Amino acid sequence: MTHKKEDWKAGLYGDEVREKLIEFAESGWESIPEDEREVWFSRFKFWGVFHHRSGQESYFMMRLTNCGGVLEPGQLRAIAEVAAEYATGPVDNPEFGNGWIDLTTRQSVQLHWIKLEDIPEIWEKLEAVGVSSRSSGGDTMRNVSGCPVAGKDAHEYVETRPLLDEIQNDLRGDNALANMPRKFNISVTGCREGCAQDSINGVALEPARKLVDGETVRGFNMRVGGGLGGREPRRARSLDVFVEPEHAYDAVRAFVELYHAEGNRENRSKNRSRFFVDDWGTEKIREAMAEKVDFDLAYGGTDLRKEYTYNAGRSDEAGRHDHVGVHEQPDGRYYVGLNTPVGRVPADEALELADLADEYGSGEVRLTRRQNPLVMDVPEAKLDELLAEPLLDVHSPDPDVFTRGAMACTGTEFCSLALTETKARMAATLRWLQANVDMPDDVSQVKMHFSGCTADCGQALTADIGLQGMRARKDGEMVEAMDIGVGGGIGPDPAFIDWVHQRVPADEAPGMIKNLLDGFVALRDDGQTFREWVESTGDGTIAELAQPEETDYVDPCLTDAKQSWYPFDDGEGPAPTAADGTPMEADD
């Protein structure tokens, strides 16, 4: 028996949802029948439109899609203008104010506090410059990840930008494949750092080489069935398949079609691609794919995984672990990677960033999987001027160790699944750690990732220190809390964190992290990274060092525990709006 959401999608899904969404927008929030809202909200997600959580009725998040993180000249400006005009809510966030863009861990952008009635006009403004929200949510192929500097990386091993564009236009653009069993992630890595993080994607291409007719050919090895979430993560598994660049698209499509046709559509807790690979096994999948393509599937080539450094916990000397800083392009120009703590950029700063990209570079901005923007194509003669701009004091190309490594998902501020607030809390935690923990000069990275729940959109399982939202009782009161683990990372040997302490009250977590880091500083060998130290230290010792502790850290919303309509406002929730945008009387 299929799941009810499969029945909803069978009734209407994919491109056809857009016309109905526009109809509701023109008629207003109240035109969506209350008993049908769950169905329509599920369908809207295909077009990147997510209803906020309860208490925020009539407000939506809009997620955009930009393959491989590329924002062409003019696109960031249009997004920022939309954020300033349409993405403002009824109250200020105490940390970030009102009106911002959120950079995501899949190299894209999210906008919040969107009213249903404004969506057609928002689409018109964004699509005029080539920005779309299509296929950015729901049970479909999500934004395709790639090296954010593909085509402009002096160390790129195999060219990927044309392939990424083909996947975006022909595969994700195919409405016949819109209705997948569950959300599905594709990545293409052509660089030596592995920055598309192939290990945690449904289907992934990674750089490799192979002898073909006596000549060395550069291409890709394939992996399938990676993913996080639900405390059941999987590393993507090798198919023992090597594909040359001209065959790469067809190979990816073959697996997508196989999962689309054969994936479980009954049990939504067991129907992601990683469970499909569990059930079928890589050998059976390889055989089925061989029947779908018109070329022979070659066995896997020699991979470059041993060189991977991106979020891998390796030393700086081994290679880049992110794209922050100043880096030379093959054409002699430079890209400058800026650090954006927890991925949130106020609209005015996003507009200023677009100005800087126009003034000092080509106007193109690219986004990384670590929620950071890159200003592209900066001539060497303009570097010093760009680096002296005041905005780079806020979004620095040379940030402190804690800020550089931080990521956070949306959290209870807007998400219906999350158990804790994330972004403002992480920002407060970073400041406290900066003031209270002294790190050695040779430690440039400690990756801290915060997810508001076990769906792990913040990729906590792949962090040096991973935090996942929970709830706990403290002094007889329900409080926001988190499970905390260590030792994750993506690289030559992908690893997920081991849990150290669970249900740690949020106000005791910074003290626990400080105690852990103090132990690391005292016990590490010279040059040892945090992940290397964790791997060489026993679990019991780490648990003893990392004791939760109350400190002078003040948590922004310890006792909220999702009881209020907004973590930073105890008053009544906002009223829904009529078709013209005016407030209506709230039911509550």
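Heads up: the structure comes first, above all this text.
Residues numbered from 1 in each chain as written. Predicted model: local features only at pLDDT ≥ 70, side-chain atom pairs only at ≥ 80, totals over all residues. Heavy atoms only, no water.

Draft legend 1. Geometry of the overall build of the protein. For the protein, the count of helices and strands is 17 helices and 21 strands. Over its C-alpha trace the protein gives a radius of gyration of 23 Å, about what one expects of a compact globule, namely 25 Å for 588 residues. For the protein, the spread of C-alpha atoms along the three principal axes comes to 75 × 60 × 55 Å. Of all intrachain contacts in the protein linking residues separated by at least 6 positions in sequence, the fraction that spans at least 24 positions is 71%. (Helix = DSSP H or I, 4+ residues; strand = E, 2+ residues; numbered from the N terminus. Rg over C-alpha atoms; globule rule 2.2 N^0.38 Å. Contact = heavy atoms within 4.5 Å.)

Draft legend 2. Geometry of the environment of E317. Take E317: it is sitting in the loop between β11 (302-303) and β12 (325-328). Separated by 174 residues in sequence, E317 and N143 have C-alpha atoms that sit 31 Å apart.

Draft legend 3. Local environment of the sheet that holds strand β2 (residues 59-63). Spatially, β1-β2-β5-β4-β14 is the arrangement adopted by the five strands of the open sheet, whose pairing is antiparallel. Two strands in the sheet have a free side with no partner beyond their single neighbour: β1 (49-51) and β14 (344-346). Taking each pair of neighbouring strands and ignoring which way they run, the sheet shows an average axis angle of 30°. Judged from the two bridges that link them, strand β4 (residues 100-103) and strand β5 (residues 109-115) form a sheet pairing that is antiparallel. What sits directly across from L103, in β5, is V109. In the packing of helix α5 (residues 119-127) onto the sheet, the strands contacted are β1, β2 and β5, and the crossing angle to β2 comes to about 20°. (Pairing = 2+ DSSP bridges. Axes fitted to C-alpha atoms, helices over the stretch in contact; angles between N-to-C directions.)

Draft legend 4. Expanded view of helix α15 (residues 509-523). Counted at 1.5 Å a residue, the expected span for α15 with its 15 residues is 21 Å, and the 21 Å between its end C-alpha atoms agrees. Considered for burial, the residues of α15 that qualify are A509, P510, G511, M512, I513, N515, L516, L517, G519 and F520. (Expected span 1.5 Å × (residues − 1). Buried < 20%, exposed > 50% of the residue type's maximum accessible area, 1.4 Å probe, protein only.)

Draft legend 5. Here's a closer look at the pairing of strand β13 (residues 334-337). Burial of β13 is two-sided: the residues Y334 and V336 facing one way and the residues Y335 and G337 facing the other way are all buried. Bridge analysis of β12 against β13 gives four bridges, and the strand direction is antiparallel. Residue pairing for β13: G325 is matched across the bridge by G337. Connecting β12 to the next strand, β13, in antiparallel fashion are five residues, including G332 with a positive phi near 90°. As judged from the three bridges shared by β13 and strand β16 (residues 373-378), these two strands associate in the antiparallel manner. Counted as the bridge partner of Y334 is V378 from β16.

Draft legend 6. Region of interest: the side chain of T529. In this structure, T529 sits in the loop between α15 and α16 (530-535). Residue class for T529 comes out buried when judged on its relative accessible area of 10%. A distance of 2.6 Å separates a polar side-chain atom of T529 from the backbone oxygen of G313. (Polar contact = N/O pair within 3.5 Å; in protein donor to acceptor, adjacent residues only side chain to side chain.)

Draft legend 7. Main features of the side chain of R320. With respect to the secondary-structure elements, R320 resides in the loop between β11 and β12. One polar contact links R320 to D153, side chain to side chain, over a distance of 3.3 Å. Once residues within four sequence positions are removed from consideration, R320 is found in contact with D153, E193, T309, Y310, H327 and Y335.

Draft legend 8. Local environment of the pattern of salt bridges. Applying the stated criterion across every chain yields a total of 41 salt bridges. Taking the shortest distance from any N to any O, the salt bridge between R223 and E206 comes out at 2.9 Å. A residue pair is termed long-range when its members are at least 10 positions apart, and R223 in strand β9 (residues 215-224) and E206 in strand β8 (residues 203-212) qualify at 17 residues. The class of R223 is buried, set by a relative accessible area of 15%. The exposure class assigned to E206 is buried, which follows from its relative accessible area of 2%. Taken together, the shared-partner salt bridges in this structure form one network comprising K152, D331, R333, E364, R366 and D377. (Salt bridge = Lys/Arg side-chain N within 4 Å of Asp/Glu carboxyl O.)

Draft legend 9. Molecular detail of the packing of aromatic side chains. Per the counting criterion, the structure on display carries 27 aromatic pairs. Seen from their ring centres, F530 and W533 are 5.8 Å apart, and the 50° between their planes marks the pair as tilted. Residue F530 and its partner W533 are located together in helix α16, separated by three residues, close to a single helical turn. By relative accessible area, which is 1% here, W533 ends up buried. (Phe/Tyr/Trp six-rings, centres within 6.5 Å; stacked < 30°, edge-to-face > 60°.)

Draft legend 10. Spatial organisation of the state of the cysteines. Across all of its chains, the model carries zero disulfides by this definition. Summary of cysteine pairing: C415 is not part of a disulfide, and the nearest cysteine sulfur, belonging to C453, is at 5.8 Å. (Disulfide = S-S within 2.5 Å.)

Draft legend 11. Summary view of a negative patch on the surface. On the surface, a cluster of negative charge is contributed by E328, E359, E380, D384 and E385. Assignment of secondary structure puts E328 in strand β12. Given the relative accessible area of 47%, E328 is considered partly exposed. (Patch = residues over 30% accessible without salt bridge, like charges linked within 9 Å, V, L, I, M, F, W, Y side chains within 5 Å. Areas by Shrake-Rupley, 256 points an atom, 1.4 Å probe, with all protein chains shown as cover. Lys, Arg positive; Asp, Glu negative; His and termini not counted. Charge placed at Lys NZ, Arg CZ, Asp CG, Glu CD.)

Draft legend 12. Main features of the sheet that holds strand β19 (residues 465-474). In spatial order, the strands read β17-β18-β19-β20-β21; together these five strands make up an open sheet with mixed pairing. This sheet does not close on itself; its edge strands, each paired only once, are β17 (406-408) and β21 (498-505). Neighbour-to-neighbour, the strand axes of this sheet turn through a mean angle of 25°, independent of strand direction. One ladder, built from 10 bridges, connects β19 with strand β20 (residues 477-486); its direction is antiparallel. By the bridge assignment, I465 is partnered in β20 with V486.

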